[in-house]
Amino acid sequence: MKKLMCMLTCFVLLLLCACQPTPEKPVVIQKDMEQMLEKAQAAPEADLEARPETSLSERYAIPQQMKLAITGAEGRLSISIDAPVTVPERELPLARVSPAQFGQDTVTAFYDALVGDTPMINVTNVLTKADIQKSILYYQQIADGLLEGSLVTPEEAREELEKLEEEYKKAPEKVEQTMGDSTLKKQSLQLGNNMGYLNWYGVDLKSEDGNVLFHAQNDYNNDKAYYWDTFDSKGNNTGGVGINVLRNASMYFYDRSKRGEDCRFGSDGRFEHIERTAPIPDKAKAFLSVTPDGAAAQTEALLTQLGLDDTFKAKDIYLVWNGYKDEYRDIPLTAYAYQIMCARTLNGASIAYALNVGASSPQNDEKEEWMAPMWFYESFSIIVGEDGICSLEWSAPMSIDGIISDDSTLLPFSEIEGVAEKMLGVIYEARAKESEYVESLKLNIDRVELSLQRIAQRDYFDSGLLVPAWSFSGTLEQTLNWRDGSTYTYTETGTFLTINAVDGSIIDLQKGY
């Protein structure tokens, strides 16, 4: 029963749930990196001379608005594009990038700005007798048949109780708390089967009342995946533990005492995109007095304080909330907030992020999916509620290693539009037909943007390029109709098609190219 997989592996598997069907090969086959780079840097001299006087919109005949409607899958699929087309004000570069780690100066700057003078203690994973006693009581109920619906059988519960009782004997009555600060410390993780240790540098802190959390963790130092089997007290194989190669340094801050800290994206539709100039939505007025523009201004002030105002910009704003009710849950609505997605910029152009795709991985048939190395896409978000900034999350920082070209040559927008019309139909018709339970699939594209997209270099999962690309973003609503007649609607927000603006090929964000 007990298939013990590490947290990282579980997170990877969750990300894979959003995979899209592979597009038709003729469109995606043009992925030769050298040819693409040549195309991006090729331009007639006359065109180069004229470029400073023309905008990207004029040069590539880019409209201000894009409209398109597609239906398919015997009526189950509908795709609607009615979106403004966003274009940078200046030329788009080509650049080399790689994963970065959080340095001490960066961590200290965030700590000082967010935590300030709040006394913090080091988080420890040592369990006290009281902690273990709670687990003993839980498994005792299962063993006695008093807890229905548990995935753990009474026999498995009794085995777990044996282990817990041994741990209880050795556990301390209490753990001495030690005061902490922002200093990164070397941490170690012991691997099974005498495979040694993995090391990383990080810090994990909480306030004395547990409301304020601050965490920074750089990547493990492994260059290969590790896996080992686990066994119960009778020698039965119960699964295993796996740790793959990840590039996903992370830093977060939460202040649970502030209203809105528990508001963030979810698959149940508790969010909506909102313009910066919009007023406070009527449904949020009882909870919020800050406008979207005010929330963005607070975010920009923090970026300036951190010295990152030339590196990131407050880009997209989402209204988020914490209440939800369906046949399974009834979570009371107590707060609204704004989730501000910040985008890294290069030469004034935004670097794209995808809310519905966490990482790229060069998976192949020779490896189990979880064992493939993964490079996560950079994500930087700040949540602003009625009481100000209540949380911040920054993961997978990126290093700009060099500019290949300051001005890339792109395809006319008419060619991009043709690729989008064809491939949206191909990809999402396949998804609508992949299960008999899919009642409907509704894709609404409300943003079309030309920006920079990270792609992986061939044969190197953690070395990449920034290339000009078109992102088609919005919401996907999928309704499933179960055999018992019940329905379930899943809403996904993010980027649903990415087209290389240089050669028109589809960029598969899951694979990274």
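Quick look at the structure, then.

Cut-off values and rules
- Residues numbered from 1 in each chain as written.
- Predicted model: local features only at pLDDT ≥ 70, side-chain atom pairs only at ≥ 80, totals over all residues.
- Heavy atoms only, no water.
- Helix = DSSP H or I, 4+ residues; strand = E, 2+ residues; numbered from the N terminus.
- Buried < 20%, exposed > 50% of the residue type's maximum accessible area, 1.4 Å probe, protein only.
- Contact = heavy atoms within 4.5 Å.
- Areas by Shrake-Rupley, 256 points an atom, 1.4 Å probe, with all protein chains shown as cover.
- Pairing = 2+ DSSP bridges.
- Salt bridge = Lys/Arg side-chain N within 4 Å of Asp/Glu carboxyl O.
- Core = buried A, V, L, I, M, F, W, Y, C linked by side-chain atoms within 4.5 Å.
- Expected span 1.5 Å × (residues − 1).
- Phe/Tyr/Trp six-rings, centres within 6.5 Å; stacked < 30°, edge-to-face > 60°.
- Axes fitted to C-alpha atoms, helices over the stretch in contact; angles between N-to-C directions.
- Parallel < 35°, antiparallel > 145°, perpendicular 65-115°, else oblique.
- Left-handed = near helix turned anticlockwise from the far one by under 90°.
- Nonpolar A, V, L, I, M, F, W, Y, C, P; charged D, E, K, R; others polar.
- Disulfide = S-S within 2.5 Å.
- Polar contact = N/O pair within 3.5 Å; in protein donor to acceptor, adjacent residues only side chain to side chain.

As a further point, take the overall build of the protein. Each helix and strand counted, the protein has 10 helices and 25 strands in total. Per-residue burial over the protein gives 49% buried out of 513 residues. Long-range contacts, defined here as pairs at least 24 residues apart, represent 71% of the contacts in the protein between residues at least 6 apart. Element-wise, carbon and sulfur atoms account for 49% of the exposed surface of the protein, whose accessible area totals about 25,600 Å².

In the sheet, strand S5 (residues 185–190) pairs with strand S6 (residues 197–207) via 6 bridges, with the strands oriented antiparallel. The residue of S6 that forms the bridge with Lys-185 is Gly-202. As consecutive antiparallel partners, S5 and S6 are separated by 6 residues, and within that stretch Asn-193 has a phi angle of approximately 55°, a positive value.

Scanning the entire structure with this criterion turns up 16 salt bridges. One salt bridge connects Arg-276 with Glu-300, and the closest N-O pair in it is separated by 2.7 Å. Linking Arg-276 in the loop between strand S12 (271–274) and helix H9 (292–305) with Glu-300 in helix H9, this pair joins segments that are 24 residues apart in sequence. For Glu-300, a relative accessible area of 30% corresponds to the partly exposed category. Measuring nitrogen to oxygen at the nearest pair gives 3.0 Å for the salt bridge that ties Arg-447 to Asp-446. Classification of Arg-447 as buried rests on a relative accessible area of 17%. Accessibility expressed as a relative area gives 25% for Asp-446, which makes it partly exposed.

With that out of the way, let us pick up the nonpolar core. Membership of the largest hydrophobic core comes to 64 residues, with the highest contact counts inside it found for Tyr-428, Trp-470 and Phe-472. Sorting the residues of this core by element identifies helix H3 (33–41), strand S1 (65–72), strand S2 (77–86), strand S3 (94–99), helix H10 (413–433), strand S23 (438–457), strand S24 (460–481) and strand S25 (487–500) as the ones contributing at least two each. Counting residues in each nonpolar core, the second largest holds 42 residues, with Val-203, Phe-253, Leu-303 and Phe-312 among its members.

Taking 1.5 Å per residue as the helical rise, helix H8 (residues 154–170) with its 17 residues ought to reach 24 Å, and the 25 Å between its terminal C-alpha atoms agrees with that figure. Those residues of H8 not exposed but buried are Glu-156, Ala-157, Glu-159, Glu-160, Leu-161 and Leu-164. Buried residues along H8 sit in contact with helix H7 (129–143).

Read across the open sheet, the 3 strands follow the order S10-S19-S18; overall the sheet is mixed. The open sheet has two edge strands with one neighbour each: strand S10 (246–247) and strand S18 (359–360). Across 2 bridges, the pairing between S10 and strand S19 (residues 374–376) is parallel. From the neighbouring strand, Arg-247 faces S19, where its bridge partner is Trp-375.

Across its 14 residues, H9 extends 20 Å between first and last C-alpha, which sits within 8% of the 20 Å expected from 1.5 Å per residue. Every buried residue belonging to H9 is among Pro-292, Gly-294, Ala-295, Ala-296, Thr-299, Leu-302 and Leu-303, and all of these are buried. At the C-terminal side of H9, Gly-307 shows a positive phi close to 75°.

With the rule as written, the count across this model stands at 15 aromatic pairs. Note on Phe-110 and Phe-380: the rings are 6.3 Å apart at their centroids and 45° apart in plane angle, and the pair reads as tilted. Placement of Phe-110 in helix H6 (residues 104–114) and of Phe-380 in strand S20 (residues 379–385) is noted, with a sequence separation of 270 residues between them. The exposure classification of Phe-110 matches that of Phe-380, with both residues buried.

What follows deals with the environment of Asp-330. Turning to its location among the elements, Asp-330 is positioned in strand S15 (residues 330–331). A relative accessible area of 55% places Asp-330 in the exposed class. Filtering out sequence-adjacent residues up to four positions away, Asp-330 remains in contact with Tyr-324 and Lys-325.

The next thing to look at is unusual backbone geometry. Trans peptide bonds make up most of the peptide bonds, and negative phi angles are found at most residues other than glycine. In this structure, Ala-61 takes a positive phi of about 50° despite not being glycine. Note on Ala-61: relative accessible area 58%, which makes it exposed. For Asn-347, which is not glycine, the phi torsion reads 55° and is therefore positive. Of note, Asn-347 is situated in the loop between strand S16 (336–346) and strand S17 (349–350).

Before going further, it helps to spend a moment on the packing of H7 against H8. In contact at an axis separation of 9 Å, H7 and H8 are set at 160° when each is read in the N-to-C sense. Comparing their axes, H8 and H7 come out roughly antiparallel. Crossing geometry of H7 relative to H8 is assigned as left-handed. When H7 is examined against H8, the residues Lys-129, Ile-132, Gln-133, Ser-135, Ile-136, Tyr-139, Gln-140, Ile-142 and Ala-143 are found in contact with a partner set consisting of Pro-154, Ala-157, Arg-158, Glu-160, Leu-161, Leu-164, Glu-167, Tyr-168 and Lys-169. For the contact of H7 with H8, the class distribution of residues is 10 nonpolar, 3 polar and 5 charged.

Moving on, we come to the state of the cysteines. Scanning the model with the defined rule gives 0 disulfides in all. The thiol of Cys-263 is not disulfide-bonded; the next cysteine sulfur, from Cys-390, is found 7.4 Å away. A residue is classified by how much of its surface remains accessible, and Cys-390, at 0% relative accessible area, is buried.

So, about the pairing of S25. Of all the 14 residues making up S25, 10 are buried; the element is thus mostly covered by neighbouring parts of the structure. Pairing geometry for S24 and S25, over 13 bridges, is antiparallel. Bridge pairing in S25 links Ser-473 to Thr-495.

A few words now on the environment of Asn-199. The residue Asn-199 is located in strand S6 in this model. Residues Asn-199 and Tyr-220 lie 21 residues apart in sequence; the distance between their C-alpha atoms is 5.6 Å. When near neighbours in sequence (up to four residues on either side) are disregarded, Asn-199 contacts Lys-186, Gln-187, Ser-188, Asp-219, Tyr-220 and Asn-221. Within the structure, the side chain of Asn-199 is placed 2.8 Å from the side chain of Ser-188, a separation counted as a polar contact.

Coordinates in, geometry out; function isn't part of it.
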